[in-house]
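Structural overview for review
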Amino acid sequence: MARFEMLEAGFGAMGATAQADILFELGMMYATGRDCETDVVAAHKWFNIAAIKGSARAAELRSELSAAMSKVEIATALREAREWMTMH
């Protein structure tokens, strides 16, 4: 995940669409196991943040993913998304 971490100085200046697209791709990476282990909690987290930033597709995939997750997994993903949003 480190290579996708958005801590660079210019991230806040990016357009909302670009931010949502990058966050959506992080969700896809974890949902499909592309270049990493599959992690539904991380996928839900990134889809949730992308949805908040305006990605309708991320909202759809987050909903689909939620159907296959336990309540504990969903709660963990929501907490991690909240923490990320607070820090960024």
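Figured I'd write up the structure that's included with this text. (Residues numbered from 1 in each chain as written. Predicted model: local features only at pLDDT ≥ 70, side-chain atom pairs only at ≥ 80, totals over all residues. Heavy atoms only, no water.)

A short note on the pattern of salt bridges
Inspection of every chain in the model, using the stated rule, returns two salt bridges. Here E25 and R34 are joined by a salt bridge, their closest N and O atoms 3.1 Å apart. For E25, a relative accessible area of 37% gives the class partly exposed. Take R34: its relative accessible area is 36%, and that puts it in the partly exposed class. Ionic pairing is found between R57 and E60, a salt bridge with its closest N-O pair at 3.0 Å. One end of the pair is R57 and the other is E60, both in helix α3 (residues 56-66) and three residues apart, which spans about a single turn. Look at R57 and you get partly exposed, because its relative accessible area is 42%. (Salt bridge = Lys/Arg side-chain N within 4 Å of Asp/Glu carboxyl O. Buried < 20%, exposed > 50% of the residue type's maximum accessible area, 1.4 Å probe, protein only. Helix = DSSP H or I, 4+ residues; strand = E, 2+ residues; numbered from the N terminus.)

Side note on unusual backbone geometry
Positive phi outside glycine occurs at D35, with the angle close to 65°. Structurally, D35 can be placed in the loop between α1 (16-32) and α2 (40-52).

A word on the nonpolar core
In this structure, L23, F24, Y30, W46, F47, I49 and A58 are the most contacted members of the largest nonpolar core, which totals 20 residues. Those elements giving two or more residues to this core turn out to be α1, α2, α3 and α4 (71-87). Here the element with the most residues in this core is α2; it accounts for eight residues. (Core = buried A, V, L, I, M, F, W, Y, C linked by side-chain atoms within 4.5 Å.)

A look at α2
Here α2 is 13 residues long and its end C-alpha atoms lie 18 Å apart, about the 18 Å a rise of 1.5 Å per residue gives. With eleven of 13 residues buried, α2 lies mostly within the body of the structure. Within the span of α2, buried status applies to V41, A42, A43, H44, K45, W46, F47, N48, I49, A50 and A51. (Expected span 1.5 Å × (residues − 1).)

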